[in-house]
Amino acid sequence: MIQLINEFTVLLAEGTKALTATRCPTPGLDAGFLLADLLGVERAAMLLDPPAALPAGAADAYRRRIARRVAGEPVQYITGKKEFYNHTFEVGPAVLIPRPETEELVEAVLKQVPPGAALSVADVGTGSGCIAISLGLERPEWRVTAIDLSPAALDIARRNAARLGAANISFAQSDLFAAVPGPFDMIVSNPPYIDFGVKETLQVEVRKFEPPLALFAAERGLAVIRELVAQSAGHLKPGGSLFCEIGYDQKGAVEKFFDGGAWNDVTFLKDISGHDRIVRAARRP
Ligand SMILES: C[S@@+](CC[C@H](N)C(=O)[O-])C[C@H]1O[C@@H](n2cnc3c(N)ncnc32)[C@H](O)[C@@H]1O
């Protein structure tokens, strides 16, 4: 028994040490998480009650995981999972790892739109499907169209919908609304909005591992948002709503995209850090 606990403890210490030598900000947490996930247990439970025996091959598999993390790969791509809005989503290099700010976008939509009406909703740039599926599960009466330019992202989103039992989602490969004109009652989006110019300042996890199509946009990060706002006016029913996540410093530029008479009630909502992070607007009837 003592020998088995030692094998577990030594492995965990070895992983933590290897990650500490990199610029990994949370070496102990990541090492524990990668081991717990490999063993199919919760990290806290594993630490409280270390396993009596490690399965054959577990030590080698764990060392391979640690080597990937040392090279900068995000934990979520190594485990293939990320929690979002109380659901576990499959993730991989074809999709953005869902962020906590985007849970606030889901929350803002649900708060504004009560259950009951059978709305048609588009999620533009669905990635893992985290927004479309979270909304679809909360509002089974909605029909959600999950749109992405990337076929590989859509494969992951389809698997997430099937595994999580979201039956009210359909999927479309499309450049914004080119293949899915609608009109929709609501459009929700977390588009790419990072300026290509800041790429080298991003963490290695993001810069080297997350898909550029999900991160970057031209015109200092604003090109896709600008086009989304312009096109949404023609793909929403009168009175329909647009909800879009934006970069923390983009409010000043984004509010100009709503000039021109197509929109009412343009409102910016702050995220938990106090940044104007979500823009909400209504299509003028
Ligand atoms: C920031 S990620 C958001 C992914 C997911 N909705 C989330 O919140 O985690 C942006 C997504 O938009 C997709 N995308 C980029 N340009 C697009 C376009 N022109 N039309 C449709 N999807 C696009 C990318 O492939 C990526 O999946």
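The rules behind each value
Residues numbered from 1 in each chain as written. Predicted model: local features only at pLDDT ≥ 70, side-chain atom pairs only at ≥ 80, totals over all residues. Helix = DSSP H or I, 4+ residues; strand = E, 2+ residues; numbered from the N terminus. Contact = placed C-beta atoms within 7 Å. Near = placed C-beta within 6 Å. Nonpolar A, V, L, I, M, F, W, Y, C, P; charged D, E, K, R; others polar. Buried ≥ 20, exposed ≤ 12 C-beta atoms within 10 Å, placed from the backbone. Pairing = 2+ DSSP bridges. Axes fitted to C-alpha atoms, helices over the stretch in contact; angles between N-to-C directions. Core = buried A, V, L, I, M, F, W, Y, C linked by C-beta atoms within 7 Å.

Turning to the overall build of the protein, a few remarks are in order. Secondary structure assignment for the protein yields twelve helices and eleven strands. Across its three principal directions, the C-alpha atoms of the protein cover 70 × 40 × 35 Å. Residue pairs in contact within the protein that sit at least 24 positions apart in sequence constitute 64% of those at least 6 positions apart.

Glancing now at the site of the ligand. Not every one of the 24 residues close to the ligand is listed here, only the nearest: Gly125, Gly127, Leu149, Asn190 and Ala214. Contributions of two or more residues to the shell around the ligand are made by α7 (130–138), β4 (143–148) and α10 (212–215). By residue class, the composition of the shell around the ligand is 15 nonpolar, seven polar and two charged.

Let us now look at the environment of Cys244. Along the polypeptide, Cys244 turns up in strand β9 (residues 236–245). Cys244 sits in the buried class, given 25 other C-beta atoms within 10 Å. Spatially, the C-alpha atom of Cys244 lies 5.8 Å from that of Asn190, the residues being 54 residues apart in sequence.

So, about the sheet that holds β4. Here we have seven strands laid out as an open sheet, ordered β5-β4-β3-β6-β9-β11-β10, and mixed in their pairing. What marks the edges here is a single partner per strand, and that holds for β5 (169–173) and β10 (263–270). Between one strand axis and the next, the sheet turns by 15 degrees as a mean value, whatever way the strands run. The pairing of β9 with strand β11 (residues 276–283) spans five bridges and is antiparallel. In the strand pairing of β11, Ser241 is matched with Ala282. Of the strands in this sheet, β3 (120–124), β4, β5 and β6 (184–189) touch α7, which is tilted by about 175 degrees from β4.

Another aspect to go through is the nonpolar core. Core analysis: the biggest nonpolar cluster contains 55 residues, and Val121, Leu135, Ile169, Ile187, Val188, Ile225 and Cys244 have the highest contact counts within it. With residues up to four places along the chain from it excluded, the contact list for Val188 reads Leu105, Val109, Val121, Asp123, Ile131, Leu135 and Phe243. Ranked by size, the runner-up nonpolar core spans eleven residues in total, among them Leu19, Cys24, Ala31 and Ile66.

The linkage connecting Gly182 with the following residue, Pro183, adopts the cis geometry, with an omega of 5 degrees. Residue placement: Pro183 occurs in the loop between β5 and β6. Of note in this structure, Arg220 is not a glycine but carries a positive phi near 55 degrees. Counting through the fold element by element, Arg220 comes out in the loop between β8 (216–217) and α11 (223–235). With a phi angle near 50 degrees, Asp265 is a residue other than glycine that sits in the positive phi range. In this fold, Asp265 is placed in strand β10.

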